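# Structural characterization, general
This is what each chain is made of:
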Amino acid sequence: MRNEQSPPLIAGSMASTFSVTRKHLIFGICLPLALLLGYLLADVQDPVSVLIIIGAIFALSVPLLMKWYHPLLVLTWNMGAFVALPGRPALWTIFAFLGILVLILNRATGDERARFSAVSSLTMPLVAILVIVIFTAVATGGINLGIFRSGEMGGKSYFFVIAAIVGYFVLGSRFIPPERARFYIGLFFLTGLCAATPRVAALFGDFALNLVSPFFGPDFDPEYEAGLSFGEIRLRSVAVAGTAAFYWLLARHGVSGILNFRQPWWALLAFILLGVGMLGGYRSIGIIMFSTFVVLFCLEGLWRTRAAFAFIGCIAITCVGLIGFADKLPFVMQRTLSFLPLKLDPAVKFSAEVSSTWRLEMWQHAVTEVPKYLFKGKGYKISMDDIYMVSYSMRQGNAANWEGAFTVGDYHNGPLTVLIIFGIYGFAGFLWLIIAGICYLYRVRRDSPPELRQINNFLFGTFLVQSVYFLFIYGSFSNDLFKFTGILGLSVALNVPYEGKTAVETAPGLQPSLQS
């Protein structure tokens, strides 16, 4: 008697057609594919083999991407990981572009949850910036990628700017239920701890460091640091990881939770993370971390409570300690505090003054370039010959130490990186985005339901701090735009559900209009 649950490969001895089971069909497809991939893996240096392998992996991953593209983008947004491909693109950029393709596919299949534009007031400035970026690229010679060995560079900056805009739409394409908001906040910020992966791997030897280097490029030279003490080594990646954890702590518990004396471990953790952030020796990190804390302190209304006395007391004790013992701190921590009028090591003061001097000199020269590119931006196009000549002149002592950064468009100033590269139209578009973002996040914070109030407070506060910092202290448009679009995209995902209404439960007297 035939088993109905296991049909034979050939149905009927006299049948002229074959009835192949699903398992056998999958086996028949996968076996030749496995043999082909095994053959191609024997020569991974062949570009054709690499492309076929990547294509096969992508094809097999399509079902997973269609379901998990949104959590994967949230997970990788601040991870700092790279893809082992020519040009070393950031991992989040790959998921941003894959996500937009999946989003289009989901829309085509009738998935009502897949949305492109949930907040029109944010969509319009982003689309305007995208149009200006593409127009500038076309008008200045196209998007030039160094991986094609064309003798010109700059395409990677265009790639990051476009990926940041695309990433906003992908982040905002899925609604995150309030009960999962804290989980996604952890995904978004805590993966920033991965930035310290090369430093941790280096503790286990060269093998571990070489293992992670294709995905987390080391930001240090082991041979150079061999002769330095711990306090003299600038641990940039560790500082970035500490900042990411500090942001998560503020978003998860807020300043009120950190200053809660019934749970003093959060205050201790915040203090430790502030110290970790100072290990990079960057004044900018210290300014941003402290400014964000102060802004959230005010947004949470703690200045009207007893917590204000505790905060002022902590600041006073810290100031007294720094005045008396700042010059005893490690070199990198002193450098982070060098913007304050403290007694510091002369070597620290000299290092900070040199850094500030060459920036001021570059800005003075860059300002004279603004009228030249006011109506038609310079673009990111860079000639390899120009880079070689500037590098050679600097080695010979015939060029200032800032000319290398100037040549590649790294002006160390937010407005200049927009005005010179994209002209007045790009700057107007970016200001439009900043103003629209602040207005939107303010409305979200004002009308926020209780379960999202702390997170929305943080998103508004950190966006405000990042905006002021970019416009008045330091910034790079191609490298920093994803910070702004990431905050906005995450806020849209948290606060605007699929129905087109707001996630805010409208109470009497509240008229939220987050869609405008």
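Residues numbered from 1 in each chain as written. Predicted model: local features only at pLDDT ≥ 70, side-chain atom pairs only at ≥ 80, totals over all residues. Heavy atoms only, no water.

### Description of the overall build of the protein
In terms of helices and strands, the protein carries 20 helices and two strands. Look at the contacts in the protein between residues 6 or more apart in sequence, and 72% of them connect residues 24 or more apart. Surface exposure of the protein reaches about 27400 Å², of which carbon and sulfur atoms provide 68%. (Helix = DSSP H or I, 4+ residues; strand = E, 2+ residues; numbered from the N terminus. Contact = heavy atoms within 4.5 Å. Areas by Shrake-Rupley, 256 points an atom, 1.4 Å probe, with all protein chains shown as cover.)

### Examining the environment of leucine 268
Within the element layout of this structure, leucine 268 appears in helix H11 (residues 264-277). Expressed as a C-alpha distance, the spacing of leucine 268 and isoleucine 258, which sit 10 residues apart in the sequence, is 8.4 Å.

### Digging into helix H6 (residues 181-190)
The α-helix advances 3.6 residues per turn, and as a result positions three or four apart in sequence lie on the same side. Counted residue by residue, H6 has seven buried out of 10 residues, so it is predominantly covered. Those residues of H6 that sit buried are Ala181, Tyr184, Ile185, Gly186, Leu187, Phe188 and Phe189. (Buried < 20%, exposed > 50% of the residue type's maximum accessible area, 1.4 Å probe, protein only.)

### Examining unusual backbone geometry
Across the chain, the bulk of peptide bonds are trans and the bulk of non-glycine residues have phi less than zero. At histidine 412, a residue that is not glycine, the phi angle is positive and equals roughly 55 degrees. Note that histidine 412 resides in the loop between helix H17 (403-407) and helix H18 (414-446). Note on histidine 412: relative accessible area 9%, which makes it buried.

### Considering the nonpolar core
The biggest cluster of nonpolar side chains holds 109 residues, and the ones touching the most others in it are Trp92, Tyr440 and Phe477. The element best represented in this core is H18, accounting for 14 residues. Ranked by size, the runner-up nonpolar core spans 15 residues in total, among them Ala196, Leu279, Val332 and Leu337. (Core = buried A, V, L, I, M, F, W, Y, C linked by side-chain atoms within 4.5 Å.)

### Focus on the layout of surface pockets
Counted as a void, the second largest pocket has a volume near 1200 Å³. Class assignment for the residues of the lining of the second largest pocket results in 30 nonpolar, seven polar and no charged. (1 Å grid on protein atoms, 1.4 Å probe; cavity = no way out; pocket = protein on both sides within 12 Å on 5 of 7 lines; lining within 4 Å. Points joined across faces, edges and corners; volume = space filled by probe spheres on them. Nonpolar A, V, L, I, M, F, W, Y, C, P; charged D, E, K, R; others polar.)

### A word on the packing of helix H10 (residues 236-258) against helix H19 (residues 450-472)
Where H10 contacts H19, the axes come no closer than 9 Å and their chain directions differ by 115 degrees. Crossing of H10 against H19: the hand is right-handed. Contacts between H10 and H19 involve Tyr247, Leu250, Ala251, Arg252, His253, Gly254 and Ser256 from the first element and Gln454, Ile455, Phe458, Thr462 and Gln466 from the second. Across the contact of H10 with H19, the residue classes break down as five nonpolar, six polar and one charged. (Axes fitted to C-alpha atoms, helices over the stretch in contact; angles between N-to-C directions. Left-handed = near helix turned anticlockwise from the far one by under 90°.)

### A word on the side chain of asparagine 413
Along the chain, the position of asparagine 413 falls in the loop between H17 and H18. A polar side-chain atom of asparagine 413 sits 3.1 Å from the main-chain amide nitrogen of leucine 416. Leaving out residues up to four positions away in the same chain, asparagine 413 has contacts with Trp363 and Gly475. (Polar contact = N/O pair within 3.5 Å; in protein donor to acceptor, adjacent residues only side chain to side chain.)

### Here's the deal with the side chain of asparagine 457
Mapping asparagine 457 onto the fold places it in helix H19. For asparagine 457, a relative accessible area of 7% translates into the label buried. A polar atom in the side chain of asparagine 457 sits 2.5 Å from the side chain of arginine 445. Ignoring sequence-local partners within four residues, the contact set of asparagine 457 consists of Leu296, Leu299, Glu300 and Arg445.

### Some thoughts on the pattern of salt bridges
What the rule picks out here adds up to three salt bridges. A salt bridge links aspartate 447 to arginine 446; the nearest nitrogen and oxygen atoms lie 3.1 Å apart. By relative accessible area, arginine 446 is classed as partly exposed at 41%. (Salt bridge = Lys/Arg side-chain N within 4 Å of Asp/Glu carboxyl O.)

### What to know about a nonpolar patch on the surface
Taken together, the side chains of Leu36, Tyr39 and Ile52 make up a nonpolar region of the molecular surface, amounting to roughly 320 Å² of accessible area. On the secondary structure map, leucine 36 appears in helix H1 (residues 22-40). By relative accessible area, leucine 36 is classed as partly exposed at 41%. (Patch = residues over 30% accessible without salt bridge, like charges linked within 9 Å, V, L, I, M, F, W, Y side chains within 5 Å.)

### Some thoughts on the packing of H18 against helix H20 (residues 477-495)
Two numbers describe how H18 lies on H20: the axes approach to 11 Å, and their chain directions differ by 25 degrees. As far as their axial angle goes, H20 and H18 are roughly parallel. The handedness of the crossing between H18 and H20 is left-handed. From H18, Thr417, Val418, Phe422, Phe430, Leu433, Ile434, Gly437, Tyr440, Leu441 and Val444 reach across to H20, where they touch Phe477, Leu481, Phe484, Ile487, Leu488, Ser491, Val492 and Asn495. Looking at the contact of H18 with H20 residue by residue, the classes come out as 14 nonpolar, four polar and no charged. (Parallel < 35°, antiparallel > 145°, perpendicular 65-115°, else oblique.)

### Considering the confidence of the model for the protein
Per-residue confidence for the protein gives a mean pLDDT of 83, with 86% of residues at or over 70. Scored below 50 in pLDDT, residues 1-18 makes eight contacts in the model with residues more than four places away or belonging to other chains. Within the model, the stretch residues 500-516 combines pLDDT values under 50 with 38 contacts to residues more than four positions away or in other chains. (pLDDT = per-residue confidence, 0-100.)

### Quick word on the packing of aromatic side chains
Scanning the entire structure with this criterion turns up 28 aromatic pairs. Consider the rings of phenylalanine 422 and phenylalanine 477, whose centres lie 5.6 Å apart with planes at 70 degrees: the pair is edge-to-face. One end of the pair, phenylalanine 422, is in helix H18; the other, phenylalanine 477, is in helix H20, with 55 residues separating them in the sequence. The same class applies to phenylalanine 422 as to phenylalanine 477, namely buried. (Phe/Tyr/Trp six-rings, centres within 6.5 Å; stacked < 30°, edge-to-face > 60°.)

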